[in-house]
Number of protein chains: 2
Amino acid sequence: MPTIRDVAKLAGVSVATVSRVLNSSSKVSEQARTAVLKAQRELDFHLNANARTLARKDSEIIGVTVSDVSDPYFGCMVRACENAAHALGCSLLVCQGLHEAEREIAAIENLLSHHCRGMIVHALTISDEKLCDYMRRVPSMVLINRQIDAFAERCVNIDNEKGEFLAVNQLINCGHRAIAYVGSSHSIADAKQRLAGYRKALQAHQLPLSPALMVADEPSLEGGIRAARELLSRGIYFSAVAVYNDTMAAGLMAVLLEKGIAVPQDISVVGFDDLMLARCLNPPLSTITNPVEEMGEAAVRLASSLYHHDHQAAALPNFEVRFVQRRSIVAPSATRWLDRQNSLTPLDGESKATAAFRRAQALADKSRP
Amino acid sequence: MPTIRDVAKLAGVSVATVSRVLNSSSKVSEQARTAVLKAQRELDFHLNANARTLARKDSEIIGVTVSDVSDPYFGCMVRACENAAHALGCSLLVCQGLHEAEREIAAIENLLSHHCRGMIVHALTISDEKLCDYMRRVPSMVLINRQIDAFAERCVNIDNEKGEFLAVNQLINCGHRAIAYVGSSHSIADAKQRLAGYRKALQAHQLPLSPALMVADEPSLEGGIRAARELLSRGIYFSAVAVYNDTMAAGLMAVLLEKGIAVPQDISVVGFDDLMLARCLNPPLSTITNPVEEMGEAAVRLASSLYHHDHQAAALPNFEVRFVQRRSIVAPSATRWLDRQNSLTPLDGESKATAAFRRAQALADKSRP
DNA sequence: CACTGCGATGTAAACGTTTACAATTATATA
DNA sequence: TATATAATTGTAAACGTTTACATCGCAGTG
């Protein structure tokens, strides 16, 4: 690998001049400039980013940790981060936590050792306390999808409670009374907040909160599938279900489809995040917009501002959540329920659990006003 | 930021000893070891990865360029790369090309300047020639989804032609004769190879190749939507469609759904890639497995081996493509076509294009053996 | 012509590690 | 006790940049 010295020698100038040309950091004679550029081309020379970092004390690297890049939610986030980093002349270092405590810590420590200009951290398993430690230590560290009051100005967040409230409220306004909730089994803020939103919406309409209608699992397609099976196996009537996120909702809908339960005619579904996936489902999924791209961008810009002690530019915007109406929600339909009474015995290949569910539906229908 | 010198001073040893402890590179007395570790904890010290890179001449960074991390296909790939990099003690630097020539070049140059241990490059717009230049220059650079014969042993690839052949062959074996193709408008190898697979399958069964049944667009959801509209607007009969990838297929299916054309009863659909998305669609999408995770992992391992001149370990495995049967394909059904004759006039809100399509369907049905 | 000021360039000291080599200390052996 | 050997530790020179400071040459001025 050629170094700046080789270029200097070939161009017949000093290393300082080469550095000046390559960084356009101060005026250089046209003559020297062309000589340097020529030598650079000839040697295929690229400044060594590591050496530069060492000398400049600025790594021009933004580090980001997410659970899993292949999760579409994080995919969008990372995309936005990379774009924002690029606009700042930075590169993006990506680490995955993969839902494991050990990996999450390793990811953060890794970013730490790279002395990143900014760190965007999404942590599922790390305690608030430990996270606070890191926040104190790294002034340009920004938390995403976490709320730690002591560092509120560095927490990029949406109002999850409001979002879920909007979703469930919409179901209620459509006429639903028995509304199940499929939550995330991770015990972090956004899971709790969305659950709180669900509760609050029920409460606001004096509807009872039934633990039998609530399940939780991993916030993945598989988690959604398991959760749906669990919920149906309980044989308790519900006409709608609010789901922690779109991915889980997709899993749930796949199970309903498989069991011959129609969405939205038999059960209305609402998700959260408004991923591309939501538009692809059949029927398209009503959901809550989660401005994840804006958040990723804002996080990167905030981190960079903090790094440069630019506390003016550093304020976070407000991130809007909004209900998006698609075709996965309709009013609960009495005629549908009645139709079903003809087929209360298990259909061919239908499991006991599903049969129980049908019976429950029919029962609930009879007891309706 | 504390340095290794601060730790050495606090622990009462030399910097070399600190380095030895922190790298477990050679034996150190238990006494010194604990003193160093204690000092490290006290100062919250982390070795500076940049300085280390400089001294060691190994960056422990794997660089990867993809078009767009939020594309589920690349999301899976990057996930696998990160995982493999982590297993090698490396970090992952991610750059996006975003389908722009300029950005793609910038991405590669960026990785170059970081002197990555390995580079995994997915390039859409860069010419073979230019890519060859880079390959010559960087011995541990690996191409993904590109085939350049001069560097075949560093091209991570599937047999796209075979994959698409399998897909179309399956449609034909189901009884389909009028099979449309929705391709990618990017002029790179895999697009061409998949198209070739489509052609080959038709040819193998002596079916005519009709340009009127072929469209191409961006390989995205939106591209799939546009392509579907274009195809339907032509008013030409087809009973099945093979699509460049699952994402486009999702867009196409959304359009069919919107127009009231049933999948698979009216039109069978087959995708490519076997993304999570394929399982979420309704009906679930038949597709071709694309072992993208294996490929990402293999690419990272190959790059790292090449970096260490370990040409033994460096051979690439064979990546299998396989047809995955799901419910988006059935035999073209005559009764269905006949049913439709009753509704040949445009339905309420139905566009002219769709009506033309229905008429074409009915016509094709009549002329059947 | 001497002097001032300025623009272009060069020199060399950082930046924070690793590691070859030298030096020191401890242990075993005669 | 002296010596050989092994184990541990320390010193200092890299690694490839940036940049403060010094130097040089030259145009403009008195």
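Our structure's up above, just so we're on the same page.
Residues numbered from 1 in each chain as written. Chains lettered and ligands numbered in written order. Predicted model: local features only at pLDDT ≥ 70, side-chain atom pairs only at ≥ 80, totals over all residues. Heavy atoms only, no water.

Re the interface of chain B and chain A
Interface size is commonly expressed as the accessible area that is lost once the parts come together. Facing the 51 residues of chain B at the interface are 50 residues of chain A. Taking both partners together, chain B and chain A bury about 4,800 Å²; carbon and sulfur atoms supply 58% of that area. Three residues stand out in chain B for area buried against chain A, namely His46, Asn50 and Asn282 of chain B, and they jointly supply 13% of the buried area on that side. Here Arg279 of chain B ties to Glu222 of chain A by a salt bridge, and the two come within 3.4 Å at their closest N and O atoms. In this assembly, chain B and chain A are joined by 27 residue pairs in polar contact (both at pLDDT 80 or more). Broken down by secondary-structure element, the contributors of at least two residues to the side of chain B that touches chain A are helix 4 (49–56), helix 5 (72–87), strand 2 (91–96), helix 6 (101–113), helix 10 (221–233), helix 11 (246–259) and helix 12 (276–280) of chain B. In terms of residue count, helix 5 of chain B provides more of the side of chain B that touches chain A than any other element does, seven residues in total. Two elements, strand 2 (residues 91–96) of chain A and strand 2 of chain B, share three bridges in a ladder whose sense is antiparallel. Note that in strand 2 of chain B the partner of Val94 of chain A across the bridge is Leu92 of chain B. (Contact = heavy atoms within 4.5 Å. Buried area = accessible area lost by both parts, 1.4 Å probe. Salt bridge = Lys/Arg side-chain N within 4 Å of Asp/Glu carboxyl O. Polar contact = N/O pair within 3.5 Å; in protein donor to acceptor, adjacent residues only side chain to side chain. Helix = DSSP H or I, 4+ residues; strand = E, 2+ residues; numbered from the N terminus. Pairing = 2+ DSSP bridges.)

Focus on the nonpolar core
Ranked by size, the top nonpolar core spans 164 residues in total, and within it Val241 and Val269 of chain A together with Val241 and Val269 of chain B carry the most contacts. With near-sequence residues (within four places) excluded, Val269 of chain B lies in contact with Val241, Val243, Ala249, Leu252, Met253, Leu256, Val263, Leu285, Ser286, Ser328 and Ile329 of chain B. Core analysis: the next-biggest nonpolar cluster, separate from the first, contains 44 residues, Ile61 and Ile108 of chain A together with Ile61 and Ile148 of chain B among them. (Core = buried A, V, L, I, M, F, W, Y, C linked by side-chain atoms within 4.5 Å. Buried < 20%, exposed > 50% of the residue type's maximum accessible area, 1.4 Å probe, protein only.)

Structural notes on the packing of aromatic side chains
Taken as a whole, this structure holds four aromatic pairs over all chains when the rule is applied. Taken together, a centroid distance of 5.4 Å and an interplanar angle of 80° make the contact between Tyr73 of chain A and Phe74 of chain A edge-to-face. Positioned over the ring face of Phe165 of chain B is Lys200 of chain B, at 5.9 Å from the centre of the ring. (Phe/Tyr/Trp six-rings, centres within 6.5 Å; stacked < 30°, edge-to-face > 60°. Lys NZ or Arg CZ within 6 Å of the ring centre and 35° of its normal.)

Section: the packing of helix 8 (residues 160–173) of chain A against helix 9 (residues 189–204) of chain A
Residue and element names in this part refer to chain A. Running from N to C, helix 8 and helix 9 cross one another at 40°; their axes reach a closest spacing of 7 Å. In terms of crossing hand, the pair formed by helix 8 and helix 9 is right-handed. For the pair helix 8 and helix 9, contact is made by Asn160, Glu161, Glu164, Phe165, Val168, Asn169 and Ile172 and by Asp190, Gln193, Arg194, Ala196, Gly197, Tyr198, Lys200, Ala201, Leu202 and Ala204, respectively. Of the residues belonging to the contact of helix 8 with helix 9, the class tally is eight nonpolar, four polar and five charged. (Axes fitted to C-alpha atoms, helices over the stretch in contact; angles between N-to-C directions. Left-handed = near helix turned anticlockwise from the far one by under 90°. Nonpolar A, V, L, I, M, F, W, Y, C, P; charged D, E, K, R; others polar.)

Here's the deal with the state of the cysteines
Summed over the entire model, instances satisfying the criterion amount to zero disulfides over all chains. Note on Cys76 of chain A: no disulfide assigned, nearest cysteine sulfur contributed by Cys81 of chain A at a separation of 11 Å. Judged by relative accessible area, which is 18%, Cys76 of chain A ranks as buried. Take Cys155 of chain B: it sits in no disulfide, and the sulfur closest to it among the cysteines is that of Cys132 of chain B, at 8.7 Å. You can call Cys155 of chain B buried: its relative accessible area is 6%. (Disulfide = S-S within 2.5 Å.)

Some words on the protein's contact with DNA strand D
Taken together, the neighbourhood of DNA strand D is formed by 27 residues, with Ile4 and Ser19 of chain A together with Ser14, Arg20 and Ser29 of chain B sitting nearest. Counting only the atoms of DNA strand D within 4 Å of the protein, the fraction contributed by sugar and phosphate is 68%. Thr17 of chain B is positioned with one of its side-chain polar atoms (N or O) 3.0 Å from a phosphate oxygen of DNA strand D. With respect to DNA strand D, the side chain of Ser29 of chain B contributes an N or O atom lying 2.6 Å from a phosphate oxygen. Sorting the residues of the surface near DNA strand D by element identifies helix 1 (4–11), helix 2 (15–23) and helix 4 (49–56) of chain A together with helix 2 (15–23) and helix 4 of chain B as the ones contributing at least two each. Split by residue class, the surface near DNA strand D holds 13 nonpolar, eight polar and six charged. (Near = heavy atom within 4 Å.)

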